[in-house]
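Each chain is listed here by its residues.
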Amino acid sequence: MFLFVTLSSINAQLINPVTWSAELSNPDAKPGDVIEITYHAKIKDGWYLYSSDFDPDLGPMLTEVEYKPNNTYQIAGEFTPINPKKKYDELWEGDITYFKKHGEFTQKIKILKDDFKIEVGISGQSCSDETGQCIPLGKEFVFGNKDAKVSTVTAVSDSKTNNTEELKAVSSSGQPAEGESIWGFMISAFIFGLAAIFTPCVFPMIPLTVSFFTNQSGGKAKALFYGLSIVGIYGLFGVVLAPLAGDPSVANAISTHWIPNILFFTIFIIFAMSFFGMFEITMPSSLVNNVDQKSDKGGFFSVFFMAFTLVLVSFSCTGPIVGTILIESVGGAYLKPIFGMLAFASAFALPFTIFALFPGLMKGLPKSGGWLNSVKVVLGFVELALAFKFLSTVDLVYHWGILDKDIMVAIWIAISIMLGLYLLGKIRLPHDSPMDTVSPPRLILATIVFAFVFYLIPGLFGAPLKMLSGILPPQTHHTFDINAIVRQEVENASISSGEQNEMLYPVKYGDIFHLPHGLKGYFDYNQAVAASKKFGKPIFLDFTGHGCANCRKMEDNVWSDPRVLQKLKEDYIILALYVDDPTKLPESEWITSTFDGNVKKTIGAKNFDFQITKFNSNAQPYYCLLNSDGDKMIPAKAYDLNVENFIEFLDNGVKSFKK
C-alpha cells in the first residue's frame, strides 16, 4: 500500500478538515547527509487528527507514512509526532494521542545519491467534536534536490469544503474535550478543599480566627483579605507547577514514564499512612515560627502572614490533599494546576471568610471531637485507592501484566470494604476515639461505600464500570471478560428463525469483518445487490471504519435498540463498507479512481472512493438506503443518536422500496 487514500481535490459536498504540507530541512543535501522531513497538518476548528504513537489495536486510524523505496535514500529514524495531546478515550478503552488546530510530524532520511527522489504518502483520520463525523484522509509528496528532474516542493492539499445536509445532524461526539476535564478537575479540587476543612488541623482553628477579626476595627475587610490571601498562596503553588504541566513533552514523560509514576505511587502510600496516624508530615518549626512572628506586626501585612501561618500549620492535614491535586494536574492543560489550586483554596478559605463576616453563624458549627480524625482516615483510604492508579499506568505502559483491570478492581473492592468496616466502628486506628454507637452520618456513608463495593463486583467479570473509565485499566486488559465472550458467541451464532437466515454464502470478507449484535450481512457491494434482488429487500448501506468512534456509538446506542435491530434483521440487506481497512486487494480488483486518478489497491481505499464518487460524501458514519439497482431511495443519514429519527429513516426506506 503506497498511499491509503488521497484527497488532492475536493468537490462541493466533500469535507476536508485537514490541509497537509511538508518540507525538507535541506533541499541541497549531499550523499551521506541526514535530513529531516517535517509534515504539517492544519486542522479546522471543531476537528482533531489522530496521532501516530498509540496502540493501533485500539481502533482509530493512526497517522502513518509510506515511502516508495528507491536507491537514492533510506529511512534513518522513526516517524515522530511533535507534542501531541493525550487522553484516555472511554469508547476505545485506552489512551489515544491527537492534535487540534495544528499537527506536526518529523522523519529523518539519509541521502544516498546526488539526484535523490523521495516519494511519500501520508494518511490518517480526522474526526469532528461537533458533527460526530470521521474522515480518512491523505496526501502524496514528491521531493528531490536541484539536480533531480523533480524539484523540491512544499505540497499543500487545498480544502473547498461546504456544509452538506448530513452535517446538520449536530451532536457531541464525546471525543477529547479539554474544557470538560478541567471543569471536572476543578469540581474535584473544590470538594477536596471542603474535606480539608473537617480535619483536626484545620477545623479547631476556625473559631480562633473568627474571634481575632471580630475584635478588630475593619475586621470584615481584613477577614475578606485573609480569605483572598489563602487563595493567593495556594494559587501560587499552581503557578509554579503550570509550566511543567503545560509542556506536552514533559507532561507526557511524567504521565507515562515508570520513574515518576512509581514515585507518585510511593508518595500516595506515604500520604495514606500519614492520614492513618502512622506519622505526621509537618513543615519545619523554624519556618512556621518565623512566619508567625511576622503576623504580629499589624495591618493587612499581618493578615497575609496569618493566612500563611494557617497554610503552614495545617500542612500535616492539607499537604497530602494539595499534593494529590498537583500530581493529578500534571499531564493536563497549562492552567490545570492553577485552576485546581484556586478551586481547592476557594473551598478551604470559605468558612474562615464567611464566619468572620457573619460570626452569628458560628453557633451552628459542630463541636470538635474524634470525628475530625475519622475524616483524615477516610481521606487516607481515598489516597490509598488513588495510589494504585499510578502503579497501573506503569503496568500498562511497560506491559507487565501485573495489575490488569480485574486485579485493580479487586484491590479497590478490598479497600472499600475496609473503609466501610471502619465507618461502622469495626476497625480502629491510632488517634481514633472509642465508639459505642454508629452515628447516622457514618451509617449513611458506610451504606454508600458498600453500595460502591457492589457496583465494583461485576467489574471482576468484565462489566465496563463506565463511571470509572479513565481511572481503571482499559477493558482490553482484563483477564476474564465474560461480556466479550458472550458478544463473540452471539456474533458467531446463527439466527435460528426469521428472514435473516436467507444469505448468499460464502460472505465475501466474512473472515475479516463482523457486524455487531449478531447481525448478518455483507461487506461487498456486488454481493449485497445480488442478495437484494434475490430476496426482494432494500439495502442498508453503512459506510463505516475501524477507527470511526461515532460509528461504534451509533451501533452501541441506536442499532442496539430492539426496534432498530428487528427492522435491520427483517427488512433490510445489510451492507457494511469499511473505508479505512488496509487489506491489500488482488491486482485484478484494483481500480483507477475517476475522482483523483489514483489506483486504489486496498479494500478501504476502494470503498472510500466508492463513497466519494457515487454518493458525493467522504464522512463516516454515513447511511444510505438503496433499492435493488443500487440507487439511493431517500436522503442519506449521518451521525444521530436519536433512536426515533433512525427508526423513521428505516421506515421511510421500506415505504420507498415498496413503491
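Residues numbered from 1 in each chain as written. Predicted model: local features only at pLDDT ≥ 70, side-chain atom pairs only at ≥ 80, totals over all residues. Heavy atoms only, no water.

What follows covers the overall build of the protein chain. Summing up its helical and strand segments, the protein chain has 18 helices and 16 strands in all. Burial analysis of the protein chain (659 residues in total) assigns 50% to the buried set. Expressed as a percentage of contacts within the protein chain between residues at least 6 apart in sequence, the contacts between residues at least 24 apart total 72%. Working note: accessible area of the protein chain is about 29,500 Å², and carbon and sulfur atoms make up 60% of it. (Helix = DSSP H or I, 4+ residues; strand = E, 2+ residues; numbered from the N terminus. Buried < 20%, exposed > 50% of the residue type's maximum accessible area, 1.4 Å probe, protein only. Contact = heavy atoms within 4.5 Å. Areas by Shrake-Rupley, 256 points an atom, 1.4 Å probe, with all protein chains shown as cover.)

In the structure shown here, the tally under the stated rule is 36 aromatic pairs. Each ring, one from Phe99 and one from Phe105, has its centre 5.2 Å from the other, and the planes form 70°; the classification is edge-to-face. A relative accessible area of 3% places Phe99 in the buried class. Ring centres of Phe540 and Tyr572 lie 6.3 Å apart, and the angle between their planes is 70°; this geometry places the pair in the edge-to-face category. Here the residue Phe540 occupies a position in strand S12 (residues 539-544), and Tyr572 occupies one in the loop between helix H16 (562-571) and strand S13 (573-578), the gap between them amounting to 32 residues. Neither residue differs from the other here; Phe540 and Tyr572 are each classed as buried. Put simply, the rings of Trp20, Tyr39, Phe79, Phe99, Phe105, Phe141 and Phe143 pair up and form one aromatic cluster. Across the ring face of Phe615, the terminal group of Lys614 is positioned such that the distance to the ring centre comes to 5.8 Å. (Phe/Tyr/Trp six-rings, centres within 6.5 Å; stacked < 30°, edge-to-face > 60°. Lys NZ or Arg CZ within 6 Å of the ring centre and 35° of its normal.)

Turning to the packing of helix H11 (residues 405-423) against helix H12 (residues 440-456), a few remarks are in order. With their axes 9 Å apart at the nearest point, H11 and H12 run at an angle of 160° to one another. For the element pair H11 / H12, the angle class is roughly antiparallel. The two elements H11 and H12 cross, and the hand of that crossing is left-handed. Contacts from Val409, Trp412, Ile413, Ser416, Ile417, Leu419, Gly420, Leu421, Tyr422 and Leu423 in H11 reach Arg442, Leu445, Ala446, Val449, Phe450, Phe452, Val453 and Leu456 in H12. Partitioned by chemical class, the residues of the contact of H11 with H12 number 15 nonpolar, two polar and one charged. (Axes fitted to C-alpha atoms, helices over the stretch in contact; angles between N-to-C directions. Parallel < 35°, antiparallel > 145°, perpendicular 65-115°, else oblique. Left-handed = near helix turned anticlockwise from the far one by under 90°. Nonpolar A, V, L, I, M, F, W, Y, C, P; charged D, E, K, R; others polar.)

This part is about the pairing of strand S2 (residues 34-43). For S2, a buried count of seven out of ten residues is recorded, marking the element as mostly surrounded by other parts of the structure. Here strand S1 (residues 18-24) runs beside S2; their pairing, made up of seven bridges, is antiparallel. The residue of S2 that forms the bridge with Thr19 is Lys42. Pairing of S2 with strand S9 (residues 102-111), which is carried by nine bridges, proceeds in the antiparallel orientation. Among the inter-strand pairings, Ala41 is bridged to a residue of S9, identified as Gly103. (Pairing = 2+ DSSP bridges.)

Below, the discussion takes up the pattern of salt bridges. Throughout the structure, instances matching the rule amount to eight salt bridges. One salt bridge connects Glu36 with Lys108, and the closest N-O pair in it is separated by 3.4 Å. Highlighted residues: Glu36 in strand S2 and Lys108 in strand S9, separated in sequence by 72 residues. On the basis of relative accessibility, which here comes to 25%, the residue Glu36 falls in the partly exposed class. Judged by its relative accessible area of 41%, Lys108 falls in the partly exposed class. Residue Lys101 pairs with Asp45 through a salt bridge whose shortest N-O separation is 2.6 Å. Separated by 56 residues along the polypeptide, Lys101 in the loop between strand S8 (94-100) and S9 and Asp45 in the loop between S2 and strand S3 (47-50) bring together distant segments of the chain. Comparing Lys101 with Asp45, the two get one shared label, exposed. (Salt bridge = Lys/Arg side-chain N within 4 Å of Asp/Glu carboxyl O.)

What follows is about a nonpolar patch on the surface. A cluster of nonpolar side chains, namely Phe190, Leu194, Leu350, Ile354, Phe358 and Leu361, defines an oily patch on the protein surface of about 500 Å² accessible area. If you list the elements that add at least two residues to the nonpolar patch, you get helix H1 (178-197) and helix H9 (336-357). Along the polypeptide, Phe358 turns up in the loop between H9 and helix H10 (371-397). (Patch = residues over 30% accessible without salt bridge, like charges linked within 9 Å, V, L, I, M, F, W, Y side chains within 5 Å.)

The three strands are arranged S13-S12-S16 in an open sheet whose pairing can be described as mixed. Here the strands that pair on one side only, and so sit at the sheet edges, are S13 and strand S16 (622-626). Averaged over all pairs of adjacent strands, the angle between their axes in this sheet comes to 20°, without regard to strand direction. Examined bridge by bridge, S12 and S16 share five bridges and lie antiparallel to one another. Counterpart to Leu541 in the pairing with S16 is Cys624.

The terminal C-alpha atoms of helix H5 (residues 258-275), which comprises 18 residues, lie 26 Å apart, in line with the 26 Å expected from a rise of 1.5 Å per residue. Listing the buried residues of H5 in full gives Pro260, Asn261, Phe264, Phe265, Phe268, Phe271, Ala272, Ser274 and Phe275. Positive phi appears at Gly277, one or two residues downstream of H5, with a value of about 100°. (Expected span 1.5 Å × (residues − 1).)

To continue, consider the environment of Ala530. In this fold, Ala530 is placed in helix H14 (residues 525-535). The exposure class of Ala530 is partly exposed, given its relative accessible area of 35%. Expressed as a C-alpha distance, the spacing of Ala530 and Asp629, which sit 99 residues apart in the sequence, is 9.2 Å.

The next subject is the environment of Ala356. Examined against the element boundaries, Ala356 turns out to sit in helix H9. Considered as a pair, Ala356 and Tyr226 are 130 residues apart in the sequence and their alpha carbons are 9.7 Å apart.

So, on to H9. Spanning 22 residues, H9 covers 31 Å between terminal C-alpha atoms, matching the ideal 32 Å at 1.5 Å per step. Of all the bends in H9, the largest measures some 40° and sits at Leu350, one to four residues before the proline Pro351. Here H9 lies mainly inside the structure; 16 of its 22 residues are buried. (Bend = angle between axes of the 7 residues up to and from the residue.)

Next up on the list: the layout of surface pockets. In this structure, the second largest pocket encloses a volume near 280 Å³. Every residue lining the second largest pocket is counted, 16 residues in all, and those nearest its centre are Asp524, Tyr525, Asn526, Lys606 and Asn607. Sort the elements by how many residues they give to the lining of the second largest pocket and helix H17 (residues 603-615) lands first, with six residues. Taken together, the residues of the lining of the second largest pocket break down into eight nonpolar, three polar and five charged. (1 Å grid on protein atoms, 1.4 Å probe; cavity = no way out; pocket = protein on both sides within 12 Å on 5 of 7 lines; lining within 4 Å. Points joined across faces, edges and corners; volume = space filled by probe spheres on them.)

What follows is about unusual backbone geometry. Geometrically, the link from Gln620 to Pro621 is a cis peptide bond, its omega value of 0° lying close to zero. Notably, Asn616 is not glycine yet its phi reads approximately 55°, a positive angle. Along the chain, the position of Asn616 falls in the loop between H17 and S16.

Let's shift gears to the confidence of the model for the protein chain. Averaged over all residues, the pLDDT of the protein chain equals 78, while 75% of them reach at least 70. Confidence over residues 147-180 falls short of pLDDT 50; this stretch has 95 contacts with residues more than four positions distant or in other chains. In this model, residues 494-500 is a region of pLDDT below 50 whose contacts with residues beyond four sequence positions or in other chains number eleven contacts. (pLDDT = per-residue confidence, 0-100.)

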